[in-house]
Amino acid sequence: MSMQGGMPNRASSGTQPGAAILGQQVTKTFQSKAGINHALGPTDFEIKPGEFVSIIGASGCGKSTLMLITAGLIPASGGAVFVDGEKLERPLTDIGIVFQDHLLLDFRTAFDNVLLQQQIRRLDREVLAERATNLFKKLGLSGAEQRYPSQLSGGMRQRVSIARALVHEPSILMMDEPFGALDAITRTQIRHDLELLWMETRKTVLFITHSIEEAIGLSDRVLVMSRGPGRIIEEIKIDLPRPRPVHLGDYPEFAEYANRIYGIFERIGVYNFGTKTADEKHTAAHA
Amino acid sequence: MKSPVWRSGFPFDLSLDSRIVKVLLPVLTLVASLVAWELAEIYFQIPSYLVPRPSEFLGRFYTDFPEIWRQTSATGIVIVLAFLVGGVVGIALAYLIVTFRSLEDGAYQLIVFLQIVPKTITAPLFVTWFGVDMTPKLAMTAFITFFPVLVDAMTGFRSIDQRLYHLSRSMGASWWQTFIHLQFPAALPHIFSGLKIATVYAVTAVIVVEFVGSSDGLGYLIVQAVGTMDMSLMFAAILATSLLGLFFNLVVTSLEYALMPWLKYRA
């Protein structure tokens, strides 16, 4: 499944492979009036260079927290994250992040929002502007360059924020429910576009979602997360050819993968379809 | 609102929505009021040393324009400088208060208390401290301008989505880059609403200090005019003061749209 053989050569220019991410016994606890809240872990995970990995789980299971820890943006309470073998101690900067909300700056045009990366990182303006133009083309944003976010549709805004996360060619892309706020039709299209874009560049992607369809439609591997505290409890390798069809139903394998995830969700009590015995439910509730 | 009866015969669009009428209507109202004022004074024989006629003080505004202009500039310069000082201090302090929690708990309460003190009554104090030149005017006006800017800038800095800071940190932004690319422009619309409120306060503040003790400015001119019972000059000076306030409001509003073109597209 992994596209690169051996160690990634980060120094080489051109097609820079993604970084390797390793999480060991990562935990996160929050202190509140009610006492200590164990939000996360301890949990282990690994993402290989150039791999597209989704974390799927019910809302509130700590998957966004896990992403922020992995990005070095909030500290873990215990355990460690290693990026290309190096222990993470400050925010990762070789990274692009997309959140559920576009988080575009309303005082910058779409194009200038993307070029914020160039300004803050002090990169070459011409090179970055050319890349941005290319990204706009690939993301179907041509013509929207000089528009302000308030003049764009929700789908277009999210596309701009994807362009912003990619324009500096980071080796890691993290997305926290990036299509969660979009309508179903837009979501299908943007998912497909993202897959094509990723196939060209093969960044390491950590994709947080609660959509089974998105997880299977995009990932090399899906990590399923439990709730309270959040732990990665299952790993499912998705062995489907790319690019994956928009109609995932065309693959009988898709239904199989989906059923496996539904099964896990039911087992841990995310879903209750009434197919379990009362005894099993009891066990799940106290797992 | 369109009146086909009017439109059929006239070469211009004279409906209530048309541009000409929108400009013409307030001008006509103003002229009508002034004419009514003038006629009322003639009819009731009100002496000019109590209430001057519009023809008198408008004439005075014209004949004494060099002097009025000189005093208006003296007052205007104070307002410009006070805006700069009050604006910069207000924005800087708002940034510090929002950034450091301890400052909010400590300093902000004190500032709120200072704001509750009616500041115009402290004008004699400022004059005692700083003399009768520009300094007390500037100090007082900056002090008054500063507060609305502070409050609105704080609102502006607070309105920023916390995840934007995640984003800026992932770009490796320094605090200055975060401020100049993210926080300041995001707070700018709020800062401008503070500045707009400040224009009204500022004009009052300068005039009051000039009343108390000053050797120039429109407030000084008004006090001088009252001293010699020169009511038409006083009214001309009041007119100049109002025009000055209007001018600053216009400047701030134009600056707002020049600096923030994206506001046009906001829903």
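Residues numbered from 1 in each chain as written. Chains lettered and ligands numbered in written order. Predicted model: local features only at pLDDT ≥ 70, side-chain atom pairs only at ≥ 80, totals over all residues. Heavy atoms only, no water.

Draft legend 1. Here's a closer look at the interface of chain B and chain A. The partner chain A presents 26 residues to the 19 residues of chain B that form the contact. Here chain B meets chain A over a buried area of about 2200 Å², counting both sides, of which 65% is carbon and sulfur. At the surface where chain B touches chain A, the tally comes to five residue pairs in polar contact (both at pLDDT 80 or more). Elements that contribute at least two residues to the side of chain B that touches chain A include exactly α8 (162-170) and α9 (175-212) of chain B. Here the element with the most residues in the side of chain B that touches chain A is α8(B); it accounts for six residues. (Contact = heavy atoms within 4.5 Å. Buried area = accessible area lost by both parts, 1.4 Å probe. Polar contact = N/O pair within 3.5 Å; in protein donor to acceptor, adjacent residues only side chain to side chain. Helix = DSSP H or I, 4+ residues; strand = E, 2+ residues; numbered from the N terminus.)

Draft legend 2. Structural detail: the packing of helix α6 (residues 123-130) of chain B against α9(B). Residue and element names in this part refer to chain B. At their nearest, the axes of α6 and α9 sit 9 Å apart, and the two run at 65° to each other. For the pair α6 and α9, the sense of crossing is right-handed. Seen from α6, the contacting residues are Ala123, Pro124 and Val127; seen from α9, they are Val208, Val209 and Val212. Classifying every residue of the contact of α6 with α9 by side-chain character gives six nonpolar, no polar and no charged. (Axes fitted to C-alpha atoms, helices over the stretch in contact; angles between N-to-C directions. Left-handed = near helix turned anticlockwise from the far one by under 90°. Nonpolar A, V, L, I, M, F, W, Y, C, P; charged D, E, K, R; others polar.)

Draft legend 3. Layout of the side chain of Arg244(A). Residues and elements named next belong to chain A. Topologically, Arg244 is positioned in the loop between β10 (231-237) and α8 (252-267). The buried charged residue Arg244 lacks any salt bridge, with Glu195 as its nearest oppositely charged partner at 4.4 Å. Within the local environment of Arg244, its side chain forms a polar contact with the backbone oxygen of Ser219, the two atoms lying 2.6 Å apart. Discounting chain neighbours no more than four positions away, the residues touching Arg244 are His192, Glu195, Ile216, Gly217, Leu218, Ser219, Asp220 and Ile238. (Buried < 20%, exposed > 50% of the residue type's maximum accessible area, 1.4 Å probe, protein only. Lys, Arg positive; Asp, Glu negative; His and termini not counted. Salt bridge = Lys/Arg side-chain N within 4 Å of Asp/Glu carboxyl O.)

Draft legend 4. Broad picture of α6(B). Residue and element names in this part refer to chain B. Looking only at α6, the buried set comprises Ala123, Phe126 and Val127. In a view along the axis of α6, the buried residues occupy a sector of 100°, so they form one face of it. Seen from the buried face of α6, the exposed residues on the opposite side, beyond 90 degrees, are Thr128 and Trp129. At its buried positions, α6 is contacted by α7 (134-158) and α9. Remark: Gly131 follows α6 within two positions and exhibits a positive phi of approximately 90°. (Arc of directions from axis to C-beta.)

Remember that the coordinates give geometry; whether it matters functionally is a separate question.
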